[in-house]
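Residue-level structural notes
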Amino acid sequence: DGGITQSPKYLFRKEGQNVTLSCEQNLNHDAMYWYRQDPGQGLRLIYYSQIVNDFQKGDIAEGYSVSREKKESFPLTVTSAQKNPTAFYLCASRSGQGANYGYTFGSGTRLTVV
Amino acid sequence: DQQVKQNSPSLSVQEGRISILNCDYTNSMFDYFLWYKKYPAEGPTFLISISSIKDKNEDGRFTVFLNKSAKHLSLHIVPSQPGDSAVYFCAASALGTSYGKLTFGQGTILTVHP
């Protein structure tokens, strides 16, 4: 079955540490996205990538970094510069086809700073 | 600048009745709109979408209405079922310019009582 896998499901980080969230897709989608969800707020775009070796900042990129070395993978690093990293993180990919605009979301990673 | 707004944080309805969820947007470049349903600690599930060339789209119990002049869309669920209880997000995109970026509203928590 094709889909997006995010790991781990839950992640705990000490203050001052960097942490990397994994996102892998086997849908052969070119475009991939990282969103963040906070209580009472919608999903906000952190970074996106249209093709391999290219990515762009979204609305809230400060304190985050990404890479896109392979089409299937779009890992997100939450750095110590991110002031409020505790949130639910969602990865998505897009084909651009279909009523859903081709979006497929992963099941998310809950990051908690302790 | 919140370009997509869901002004009702929560909605409670009786099973079998109609649920109406509302969404307003400010960016006149948006030309494609989507509704997602989301459970805690899971990724959003696509429900229904509408292009700006239409004013209504229907899929089973779900109907989305778009009023472009008012920059307003709504999701109608008829009849509502307890399994519909979840957070509902509207999202918007400018297909030609935004590289597939979705802008989300804050979400509305729907509770359907048996």
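Now for a look at the structure at hand. (Residues numbered from 1 in each chain as written. Chains lettered and ligands numbered in written order. Predicted model: local features only at pLDDT ≥ 70, side-chain atom pairs only at ≥ 80, totals over all residues. Heavy atoms only, no water.)

1. Some thoughts on the overall build of chain A
- The helix and strand tally for chain A stands at zero helices and 11 strands.
- For chain A, the α and β elements follow one another from N to C terminus as β-β-β-β-β-β-β-β-β-β-β.
- The C-alpha atoms of chain A give a radius of gyration of 13 Å, which matches the 13 Å a tight globule of 114 residues would have.
- The C-alpha extent of chain A, read off along each of the three principal axes, is 40 × 30 × 25 Å.
- Within chain A, the fraction of its 114 residues that count as buried is 50%.
- Treating the 12 positive side-chain charges of chain A as one cloud and the 10 negative ones as another, the clouds have centres 5 Å apart. (Helix = DSSP H or I, 4+ residues; strand = E, 2+ residues; numbered from the N terminus. Rg over C-alpha atoms; globule rule 2.2 N^0.38 Å. Buried < 20%, exposed > 50% of the residue type's maximum accessible area, 1.4 Å probe, protein only. Lys, Arg positive; Asp, Glu negative; His and termini not counted. Charge placed at Lys NZ, Arg CZ, Asp CG, Glu CD.)

2. Quick word on the pattern of salt bridges
All names here are of chain A.
- Under the definition given, this model contains five salt bridges over all chains.
- A salt bridge links Asp30 to Lys71; its shortest N-O distance comes to 3.3 Å. Here Lys71 lies in the loop between strand 7 (64-66) and strand 8 (76-78) and Asp30 lies in the loop between strand 3 (19-25) and strand 4 (31-37), a separation of 41 residues in the sequence.
- In this structure Asp30 comes out as partly exposed when scored by relative accessible area, which is 43%.
- For the salt bridge of Asp38 with Arg44, the shortest nitrogen-to-oxygen distance reads 2.7 Å. (Salt bridge = Lys/Arg side-chain N within 4 Å of Asp/Glu carboxyl O.)

3. Examining the sheet that holds strand 7 of chain A
Residue and element names in this part refer to chain A.
- Pairing is antiparallel in the open sheet, where four strands are placed in the order 1-3-8-7. With partners counted over all chains shown, the strands left at the sheet margins are strand 1 (4-7) and strand 7, one partner each. Strand-to-strand twist across the sheet, computed as the mean angle between neighbouring axes with direction ignored, equals 20°.
- Where strand 1 meets strand 3, four bridges bridge the pair, whose relative direction is antiparallel. (Pairing = 2+ DSSP bridges. Axes fitted to C-alpha atoms, helices over the stretch in contact; angles between N-to-C directions.)

4. What about the interface of chain B and chain A?
- Listed per partner, the contact involves 20 residues of chain B and 24 residues of chain A.
- Taking both sides of the interface into account, the surface hidden between chain B and chain A amounts to around 1700 Å²; carbon and sulfur atoms contribute 61%.
- At the boundary of chain B with chain A, the tally comes to one salt bridge.
- In this structure, Asp59(A) engages Lys101(B) in a salt bridge whose closest nitrogen and oxygen atoms are separated by 3.0 Å.
- Linking chain B with chain A are four residue pairs in polar contact (both at pLDDT 80 or more), by the criterion used here.
- Looking at the side of chain B that touches chain A, the elements that each hand over two or more residues are strand 4 (32-38), strand 5 (45-51) and strand 9 (86-93) of chain B.
- If one sorts the elements of the side of chain B that touches chain A by residue count, strand 4 of chain B sits on top with four residues.
- Residues belonging to the side of chain B that touches chain A are distributed by class as follows: 11 nonpolar, six polar and three charged. (Contact = heavy atoms within 4.5 Å. Buried area = accessible area lost by both parts, 1.4 Å probe. Polar contact = N/O pair within 3.5 Å; in protein donor to acceptor, adjacent residues only side chain to side chain. Nonpolar A, V, L, I, M, F, W, Y, C, P; charged D, E, K, R; others polar.)

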